[in-house]
Amino acid sequence: MAGRLKGKVAVVTAAGQGIGRAIAEAFVAEGATVHASDIARDKLDGLKRAKKAKLDVMSTRAVERYAEKVGPVDILVNVAGFVHHGTVLDCSEKDWDFSFDLNVKSMHRMIGAFLPGMLARAEENGSSGSIVNLSSGASSLKGAPNRYAYGATKAAVIGLTKAVAVDFIRQGIRCNAICPGTVRSPSWEARVDELGKSVGGTDKALEMFVSRQPMGRVGEPTEIAALAVYLAADESAFTTGTAIPVDGGWTI
Ligand code: NAD
């Protein structure tokens, strides 16, 4: 089925690689007008048929300017996020603040800047707006080793998602979170390489990552994008305030 997002205008952050890239590509394939952004503008170069822009979601001014430039949208997907590796004892106040700024406050900034336009567009068109936030299985769903700050930020994303969902439920805005398990992406590959340094090579590290997966494999970004398309499309019109795992059974 193609054209599920025909006529819709979408914004996707961190669309340069990994999950954000797969979501932007899937939205384009489904007929949406896609505004794809990333802090690294060059990573967007290969993305076809999208409007591309450099955007640092940690800058309130840049986010406000971007929202003014893009105008009203139907779909907002907040993807940008960062994994801090370690326990509470490895997490300085600076690490904590950075993680919350990039993983949570960025969503506050983006939603604050885009929601007024989404509300106006939903009212004008008699349609609904959809916000999709990237959380993680490592959140309030599950404690994961060495994901102290990360898990706290991704639990906050679920709280933020439910708060927005309940506040705007009668005004045609839906807000849902996706909670991926381990998904192949450039930053995940870098984490495998890093682990490889202490366990005797990348192949060994890869084997360790994969053996911990209930399905015996990691996920692909396209498998997360498939849910993002569903949550963005009108077919999920009765779904809001959810935190949906796509994790190969990791949080069972
Ligand atoms: P990634 O980490 O490989 O790429 C992140 C992208 O974000 C890069 O293109 C980078 O340039 C961009 N970025 C970094 N700082 C930014 C900023 N300040 N403003 C705008 N863009 C910025 O991507 P990924 O692994 O697919 O992760 C995407 C999201 O999915 C993150 O929120 C992550 O926490 C979440 N997630 C990923 C996994 C996984 O296993 N990959 C699992 C669960 C959740």
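The numbers attached to residues start from 1 for each chain and follow its sequence in the written order. Thresholds applied to this predicted model are a pLDDT of at least 70 for local features of residues and 80 or more for the giving and counting of side-chain atom pairs; totals over whole chains, interfaces and linings are not thresholded and use all residues. Excluding hydrogens and water, the side-chain figures rest on all heavy atoms present in the structure.

Caption draft 1: Representation of the overall build of the protein chain within the structure. Strands are runs of DSSP state E lasting at least 2 residues, helices are runs of H or I lasting at least 4, and numbering of each runs from the N terminus. The helix and strand inventory of the protein chain stands at seven helices and seven strands. Counted from the first residue to the last, the protein chain has its helices and strands arranged as β-α-β-β-α-β-α-β-α-β-α-α-α-β. Compactness check: the protein chain gives a C-alpha radius of gyration of 18 Å against a globular reference of 18 Å for 252 residues, within 12% of the reference. When the backbone C-alpha atoms are referred to their principal axes, the protein chain occupies close to 60 × 40 × 35 Å. A total of 252 residues make up the protein chain; the buried ones form 49% of that total. The contact definition used throughout considers only heavy atoms, calling two residues in contact when any of these lie within 4.5 Å. Relative to all contacts within the protein chain whose residues are 6 or more apart in sequence, the contacts with residues 24 or more apart total 68%. All accessible-area figures derive from a Shrake-Rupley calculation using a 1.4 Å probe, and residue coverage is judged against the displayed protein chains alone. Accessible surface, the protein chain: about 11900 Å² in total, of which carbon and sulfur atoms supply 55%. A positive count includes Lys and Arg, and a negative count includes Asp and Glu. His and the chain ends are not counted in either. Throughout, a charge is located at the NZ atom of Lys, the CZ atom of Arg, the CG atom of Asp or the CD atom of Glu. Of the charged side chains in the protein chain, 30 are positive and 27 negative, and the gap between their average positions amounts to 3 Å. Our radius of gyration looks at C-alpha atoms and nothing else; its globule reference is 2.2 Å times the residue count to the power 0.38. When a residue's accessible area, from a 1.4 Å probe over protein chains only, is under 20% of the maximum for its type it is buried; when over 50% it is exposed; and in between it is partly exposed.

Caption draft 2: Expanded view of the pairing of strand β1 (residues 9-12). Because side chains alternate across β1, one face comprises the buried residues V9 and V11, and the other comprises A10 and V12, equally buried. Relative to strand β2 (residues 33-38), β1 runs parallel, the two sharing four bridges. Residue V11 lies in a different strand from β2, and its bridge partner there is H35. On the question of chirality, the crossover connecting β1 to the parallel β2 by way of helix α1 (residues 18-29) is right-handed. Looking at chain direction, β1 and strand β4 (residues 75-78) are connected through three bridges and run parallel. From the neighbouring strand, V12 faces β4, where its bridge partner is V77. Should DSSP find at least two bridges between two strands, the strands are taken to pair. Orient the strands so they point away from the viewer, and a crossover whose first-strand-to-second-strand path over the helix runs clockwise is right-handed.

Caption draft 3: Spotlight on the site of the ligand. Throughout this document, a residue counts as near a molecule or strand when at least one of its heavy atoms sits within 4 Å of that molecule or strand. Close to the ligand lie 27 residues, the nearest being D38, V79, Y150, S185 and S187. Throughout this description, a polar contact denotes any pair of N or O atoms lying within 3.5 Å of each other; where both atoms belong to protein, one of them has to be capable of donating a hydrogen while the other can accept it, and for residues adjacent in sequence the pair is counted only when both atoms sit in side chains. One of the backbone nitrogen or oxygen atoms of I39 is found 3.3 Å away from a nitrogen atom of the ligand. Protein contact buries 92% of the 830 Å² of open area that the ligand shows by itself. Of all the cavities here, the one that holds the ligand is the largest pocket. Among the elements of the structure, α1, α4 (148-167) and α5 (186-199) are those that each provide at least two residues to the shell around the ligand. Any residue with an atom within 4 Å of a point lines the site, the site being either a cavity, points on a 1 Å grid over the protein atoms alone where a 1.4 Å probe fits but cannot get out, or a pocket, an open set with protein on both sides within 12 Å along at least 5 of 7 lines. Whether a molecule sits in a cavity or pocket is decided by its atoms, more than half of which must lie within 2 Å of the grid points.

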